[in-house]
Amino acid sequence: MKILVLNAGSSSQKSCLYEIQPHTDLSTPLEPLWEASIDWTVSDEYGLLKVFANGQKRKIDLPLDNKRDGILIMLETITHGHTKVLSSLDDIDIIGHRIVHGGRSYSRSCIITPEVEQTIKDLIPLAPNHHPAHLEGIKAIALTLPQTPQVAVFDTAFHSSIPPKAKIYPLPYQWYERGIQRYGFHGISHGYVSQRAAQILGKPMEDLKIISCHLGNGSSVTAIKNGHSIDTSMGFTPLEGLMMGTRCGSIDPAILLHLMDEYGYDYGQLNQLLNKESGLLGVSQISADVRSIISAIANGNHQAQLALDIFTHRVTSVIGSMIPGLGGLDVLIFTAGIGENSPLIREQVCSQFSFLNLKLDREKNQGKCLDRNIANPDSSVAIITIKTQEDWAIALQTLPFCPKES
Ligand code: ADP
């Protein structure tokens, strides 16, 4: 069975092709047959497609003006050139898409029908950085493989267990009845890394009090108790919570009223300000990318230092706010681009929790630390850096919908 996964982020498009045999062990991620990623932010003039298959790498520059064409060029590398792994795209049995927001209608994975596609469109205002990219992917596949089923795997589903006290905003109750509530995001990642952490520790997930920090361009923290999400930092949209690459995260809502009242800001301007011009980019005025921020700090840039300080302060504050709800902490997980790759940020965050006898092993933190416990042996809390395998988790959730499965 061949499953193609499309995972569109706010600045990237990742894709993998998995082959699952009837007796494949599904407890650990398979190596994909073919994988590709598009980074839409490398240049103002082009996007960069990187493909890896058959031990071969390809790099292709893509036009920025039509992302759907970029996805079609990406798919062509499955059947052409050194990265060819299939003779025809028709050999793909099913496609799984990561969809950021399922609203209230979709709290579990489902086949993408015209109605589901319309709902994804309707939810663009709630996930403006992601849903247009998801729709480009769905359209590109519908053009190329009109008969092949496509599945939506929602990032909100893992958080459907969050109890009312953490889910409902302190607004008049009728707004909750109209769908205004905390939905939470990165659920595919938080779900996968919490299971993987339990596996690494050799303990049942149900016995662990876990805080998972998914720190990438978009970032969120989730508290997981008895295997279920009980609280998460993102809310009604992926804008709430931590400071992010270009998103501000939580701010006093009265700032918006002030900008409207005193400066005449309208919806479009506020949307641009909060989603695209804030966060690490907004404060540093340099970049949304932690790597550029860290190099600017090395060159003595104070605004870059301030951006990093605010970022780690907010991660720390959110982690701290979730510990009472869990009744303690057994495992702290770091994942996604920053969580997996920045020893500096892991160290700064962990140093704030020494009062819990949480102790990071500095050497393990600097070395190859993916999918390992990097805490000191005498630490009361395990600290685990996990490579998020969203694509594999999406493939697993797509598998039951495969026509050959039923
Ligand atoms: P997305 O939300 O787009 O999926 P990712 O999880 O891929 O984001 O994370 C991308 C971010 O990870 C980059 O913007 C950068 O800030 C950070 N990152 C990647 N590599 C490193 C590194 N070696 N050191 C520090 N940060 C890194």
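Residues numbered from 1 in each chain as written. Predicted model: local features only at pLDDT ≥ 70, side-chain atom pairs only at ≥ 80, totals over all residues. Heavy atoms only, no water.

Some thoughts on the sheet that holds strand β6 (residues 94–99)
For step 1, the next point in the chain: An order of β5-β4-β3-β2-β1-β6-β8-β7 is seen for the 8 strands of this open sheet, with the pairing classed as mixed. Strands with a single pairing partner mark the edges of an open sheet, and in this sheet they are β5 (56–63) and β7 (110–111).
For step 2, the next point in the chain: By the bridge criterion, 2 bridges tie β7 to strand β8 (residues 150–154) in an arrangement that is antiparallel. Along β8, the bridge assignment pairs Cys110 with Ala152.
For step 3, the next point in the chain: Against the sheet, helix α15 (residues 390–398) engages β1 (2–8), β2 (12–19), β6 and β8, with an angle of about 130° to β1. (Pairing = 2+ DSSP bridges. Helix = DSSP H or I, 4+ residues; strand = E, 2+ residues; numbered from the N terminus. Contact = heavy atoms within 4.5 Å. Axes fitted to C-alpha atoms, helices over the stretch in contact; angles between N-to-C directions.)

So, helix α13 (residues 343–351)
For step 1, the next point in the chain: Regarding α13, the residues found buried are Pro343, Ile345, Arg346, Val349 and Cys350. One side of α13 carries all its buried residues, which in axial view fall inside an arc of 165°. (Buried < 20%, exposed > 50% of the residue type's maximum accessible area, 1.4 Å probe, protein only. Arc of directions from axis to C-beta.)

Looking at the UniProt feature "binding site: Mg(2+)" (unreviewed entry) in the protein chain
For step 1, the next point in the chain: Mapped onto this numbering, the UniProt entry gives "binding site: Mg(2+)" (unreviewed entry) at Asn7 and Glu390. Spatial clustering of the annotated residues is evident: they stretch over 384 residues in sequence, but the largest pairwise C-alpha distance comes to 8.0 Å.
For step 2, the next point in the chain: Note that Asn7 resides in strand β1.
For step 3, the next point in the chain: For Asn7, a relative accessible area of 4% gives the class buried.
For step 4, the next point in the chain: In this structure Asn7 touches Ser12, Gln13, Lys14, Arg98, Glu390, Asp391 and Ile394, once residues within four positions along its chain are discounted.
For step 5, the next point in the chain: Within the fold, Glu390 resides in helix α15.
For step 6, the next point in the chain: Those residues in contact with Glu390 that sit more than four places away from it in its chain are Asn7, Arg98, Ile188, Ser189 and His214.
For step 7, the next point in the chain: Among the polar contacts made by the side chain of Glu390, one reaches the side chain of Asn7 at a distance of 3.3 Å. (UniProt positions renumbered as here; feature names shortened; annotations may be inferred. Polar contact = N/O pair within 3.5 Å; in protein donor to acceptor, adjacent residues only side chain to side chain.)

A word on the environment of Ala197
For step 1, the next point in the chain: When you line up the elements, Ala197 lands in helix α6 (residues 187–201).
For step 2, the next point in the chain: Assessed through its relative accessible area of 0%, Ala197 is described here as buried.
For step 3, the next point in the chain: Linking Ala197 and Ser212, residues 15 residues apart in sequence, is a C-alpha distance of 9.7 Å.

Concerning the layout of surface pockets
For step 1, the next point in the chain: Taken as a whole, the second largest pocket encloses approximately 970 Å³ of empty space.
For step 2, the next point in the chain: Listing elements by their share of the lining of the second largest pocket, those giving two or more residues are α7 (254–263) and α8 (267–276).
For step 3, the next point in the chain: Of the residues that constitute the lining of the second largest pocket, the class distribution is 20 nonpolar, 7 polar and 2 charged. (1 Å grid on protein atoms, 1.4 Å probe; cavity = no way out; pocket = protein on both sides within 12 Å on 5 of 7 lines; lining within 4 Å. Points joined across faces, edges and corners; volume = space filled by probe spheres on them. Nonpolar A, V, L, I, M, F, W, Y, C, P; charged D, E, K, R; others polar.)

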